[in-house]
Amino acid sequence: MNWLRDRFGRGAVRESVSEALEAPTTKQVRRAGFEYGIPLNVSPSSQVASTSERQQILNQLHQAYLTCIWVSSPIDLIARTVTAGGVQIVSDEDIPEGEVPPDPPPIQRLRRLLRFVNPHEDMVQLLRNVATDLLLFGDAFLETVTLLGEPVALYTLDATTITVISDEHGEVTGYQQDIDGMRQARFTPEQVIHISLDAPRGGLYGVSPAQKALLPVTAWLFWEATLKETGRRGDPPRVHVDLAHLQDADVQRWREQYAVNNLGPKAVGAPVVTTGGGAVQVLDPRKVTDYLDATRQLRDEIIACFGCPPAKLGIIESGNLGSGSGESQDKTFRVNTIIPIANLILEKLNYHLLQAGFGITDFHLEFSEIDYRDSKIVEEIRDMRLRNGAYTLNRYRDEIGEPPVDGGDDPIILDRLGPVPWQDVPALSRATIAWRTAPLTAAGVNGYVPGVPDADLDPTPDPTAPVPHKPAQPQSPEDKPGLAGDATQGDPPEETWDDVYRRCLDEALARL
């Protein structure tokens, strides 16, 4: 039994498990369940044919992007904000301030790729297109061109023409691009970086915010078309005209004259003229205001799907309860919308480019942050940090581009008595305690030790303790009016609390 314990002991099992989890093979991570949306016949041709409905939806989304400004504006805003600072390479190790270690050869080749991704795009444009495709179609595809096993170029692939090829379990075996039924391209899984948004039932494709907002977008387009037609016709009222005894030919002629004389921008204000006793009755007034209210409601529904606050799109609504300030809307926008999209893109790039492409494990990509706060708020924060000692004067001056000054490296705290160096704060604290407890020290309340301000005794007077009284002094029988002690009649004036406080304060400060 000992050899079994030695062979299958706790240490041996832990070692075998750790070795198995370090580099799992494809068979070890293969799933048993089936992926949603994959047809029964999993041949590439059947999968391409089954995506025809999806391609129609993607083409509709593309048309919505071109025709509805409340679809294109949030998408463009998010894409610009995500990539505003550019991409930078950050080391996972802590580097001392001011030290710039040389880049290893894989990092140098990665920097070359970031500087030149393809002949007609730079890295910011490429990632902006990725963010746009994600928000519009739910998926973004990047073609990776390799040389000697390492990426040397990246290209954007049209998401509406790409089909993901996989088995029934969702294991991706490749990608196929079909342009017009005549031009096709096949890619291996290593040649394509596929980034997708979340989908309710999983699957190979993501669900975009634009697809969720397709219904209000369609309604908005109809109302905008109604407004356009209303404006083209001059916003005429709906009227009922009784032409009495006129024949059909006369009625048709009157219709044509009404269209010429009363419809269109030039006919605004022209009266409706009838002959032969024809009566005109207005059925309903102009409803342009109602149309505009409907478009505003649909606008709010559309931008809510993208997670964009109204203020970020230039929509200013005064008196809107619950809308929050501009700063709170900006913070919510970055936390709920920008950061999730940025992290989703960076996760794919860090794996496919750094780890799988160049074999880099101690660096990662990040989007550079931009200080979007108001300059007044930034200066108020700096002033607050300088006053409480979190900043030194030279650090403050360095941030605003000013040279250092002598003595500016010592932090201070700005008290009501004036600036105090932090190194003198302990002495100031002891002096403050002595000043606060000076009256108690003089009175001897609660056994407080005079001259020791940091004693462990509680200097707070006990309201239930008896008040000490001075013992009665014996009086001489001659201390009467007109007797021998008359010249010394009366006790000297007692010392007031203010006098005691000043005297004790002076003594405490003298001890310090």
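In case you missed it, the structure is sitting above this.
Now for a description of the structure that goes with this document.

Thresholds applied
- Residues numbered from 1 in each chain as written.
- Predicted model: local features only at pLDDT ≥ 70, side-chain atom pairs only at ≥ 80, totals over all residues.
- Heavy atoms only, no water.
- Pairing = 2+ DSSP bridges.
- Helix = DSSP H or I, 4+ residues; strand = E, 2+ residues; numbered from the N terminus.
- Axes fitted to C-alpha atoms, helices over the stretch in contact; angles between N-to-C directions.
- Phe/Tyr/Trp six-rings, centres within 6.5 Å; stacked < 30°, edge-to-face > 60°.
- Buried < 20%, exposed > 50% of the residue type's maximum accessible area, 1.4 Å probe, protein only.
- Lys NZ or Arg CZ within 6 Å of the ring centre and 35° of its normal.
- Core = buried A, V, L, I, M, F, W, Y, C linked by side-chain atoms within 4.5 Å.
- Contact = heavy atoms within 4.5 Å.
- Polar contact = N/O pair within 3.5 Å; in protein donor to acceptor, adjacent residues only side chain to side chain.
- Parallel < 35°, antiparallel > 145°, perpendicular 65-115°, else oblique.
- Left-handed = near helix turned anticlockwise from the far one by under 90°.
- Nonpolar A, V, L, I, M, F, W, Y, C, P; charged D, E, K, R; others polar.
- Patch = residues over 30% accessible without salt bridge, like charges linked within 9 Å, V, L, I, M, F, W, Y side chains within 5 Å.
- Areas by Shrake-Rupley, 256 points an atom, 1.4 Å probe, with all protein chains shown as cover.
- Salt bridge = Lys/Arg side-chain N within 4 Å of Asp/Glu carboxyl O.
- Lys, Arg positive; Asp, Glu negative; His and termini not counted.
- Charge placed at Lys NZ, Arg CZ, Asp CG, Glu CD.

## Focus: the sheet that holds strand S6 (residues 184-187)
If you trace the three strands from one edge of the open sheet to the other, you get S4-S5-S6, paired in antiparallel fashion. At either margin of the open sheet sits one strand with a lone partner, and together these are strand S4 (162-166) and S6. The mean angle between the axes of side-by-side strands here comes to 20°, regardless of whether they run parallel or antiparallel. Bridge count for S4 against strand S5 (residues 172-178) is five bridges, and the pairing is antiparallel.

## Overview of the packing of aromatic side chains
For any two aromatic rings, the description comes down to two numbers: the centre-to-centre distance and the angle of the planes. In total, this model carries two aromatic pairs according to the counting rule given. Ring geometry for phenylalanine 141 against tyrosine 175: centres 6.1 Å apart, planes inclined by 70°, an arrangement best described as edge-to-face. You can see phenylalanine 141 sitting in strand S2 (residues 139-147) and its partner tyrosine 175 sitting in strand S5, a full 34 residues away along the chain. In terms of burial, phenylalanine 141 and tyrosine 175 fall into one category: buried. Seen in terms of ring centroids, tryptophan 223 and tyrosine 291 are 5.4 Å apart; in terms of plane orientation they differ by 35°. Their pairing is tilted. Residue tryptophan 223 is located in helix H9 (residues 214-232), and its partner tyrosine 291 is located in helix H11 (residues 288-306); the two are separated by 68 residues in the primary sequence. For the cation-ring pair, arginine 54 lies above tyrosine 205, with the distance from its terminal atom to the ring centre recorded as 3.8 Å. In this structure, arginine 299 is placed above the aromatic ring of tryptophan 70, and the distance from its NZ or CZ to the ring centre is 5.8 Å.

## Description of the pairing of strand S11 (residues 412-415)
Two faces belong to every sheet, and in a regular strand the side chains alternate between them. Two strands pair when backbone bridges link them, and S11 and strand S12 (residues 418-421) are joined in this way by four bridges, in the antiparallel orientation. Counted as the bridge partner of isoleucine 412 is proline 421 from S12.

## Notes on the nonpolar core
Membership of the largest hydrophobic core comes to 69 residues, with the highest contact counts inside it found for Val71, Ile302 and Ile345. With ten residues, the single largest contributor to this core is helix H12 (residues 326-358). What isoleucine 302 contacts, discounting residues up to four positions off in sequence, is Cys68, Trp70, Val71, Ala213, Pro216, Val217 and Trp220.

## Describing the side chain of threonine 163
Structurally, threonine 163 can be placed in strand S4. What makes threonine 163 buried here is its relative accessible area of 2%. With residues near it in sequence (within four places) discarded, threonine 163 still touches Gln47, Val48, Thr51, Gln55, Gly174, Tyr175, Gln176 and Tyr205.

## Notes on the side chain of threonine 230
Along the chain, threonine 230 turns up in helix H9. By relative accessible area, which is 15% here, threonine 230 ends up buried. Here threonine 226 takes part through its backbone oxygen, which lies 2.7 Å from a polar atom of the side chain of threonine 230. In contact with threonine 230, not counting residues within four places along its chain, are Asp235, Pro236, Val288 and Tyr291.

## Regarding the packing of helix H5 (residues 69-82) against helix H7 (residues 123-137)
How two helices pack is summed up by the angle between their axes together with the distance between the axes. Where H5 meets H7, the closest approach of the two axes is 9 Å, and the angle between their N-to-C directions is 140°. Viewed along their axes, H5 and H7 adopt a mutual orientation that is oblique. The chirality of how H5 crosses H7 is right-handed. Along the contact surface, H5 presents Val71, Ile75, Ile78, Ala79 and Arg80, while H7 presents Arg128, Ala131, Thr132, Leu135 and Leu136. Grouping the constituent residues of the contact of H5 with H7 by class yields seven nonpolar, one polar and two charged.

## Quick look at the pairing of S4
The buried fraction of S4 amounts to five of the five residues, a majority that puts the element mostly inside the structure. Here S4 shows a buried face lined by Ile162, Val164 and Ser166 and a second buried face lined by Thr163 and Ile165. Following S4, the chain reverses through five residues before pairing antiparallel with S5; glycine 170 in that reversal takes a positive phi of roughly 90°.

## Considering a negative patch on the surface
A cluster of acidic side chains, namely Asp92, Glu93, Asp94 and Asp362, defines a negative patch on the protein surface. Note on placement: glutamate 93 falls in the loop between strand S1 (87-91) and helix H6 (105-115).

## Some words on unusual backbone geometry
Even without a glycine there, the phi angle at leucine 148 is positive, about 60°. Structurally, leucine 148 is set in the loop between S2 and strand S3 (150-157). We classify leucine 148 as exposed; its relative accessible area is 85%.

## Some remarks on the packing of helix H4 (residues 52-67) against H7
Two elements in contact, H4 and H7, have axes whose closest approach is 10 Å; the angle formed by their N-to-C orientations is 115°. Considered as vectors, H4 and H7 are oriented roughly perpendicular to each other. As for how H4 packs across H7, the hand of that crossing is right-handed. Counting all contacts with H4, which are made through Leu58, Leu61, His62 and Tyr65, the residues of H7 involved are Thr132, Leu136 and Phe137. Residue composition of the contact of H4 with H7, by class: five nonpolar, two polar and no charged.

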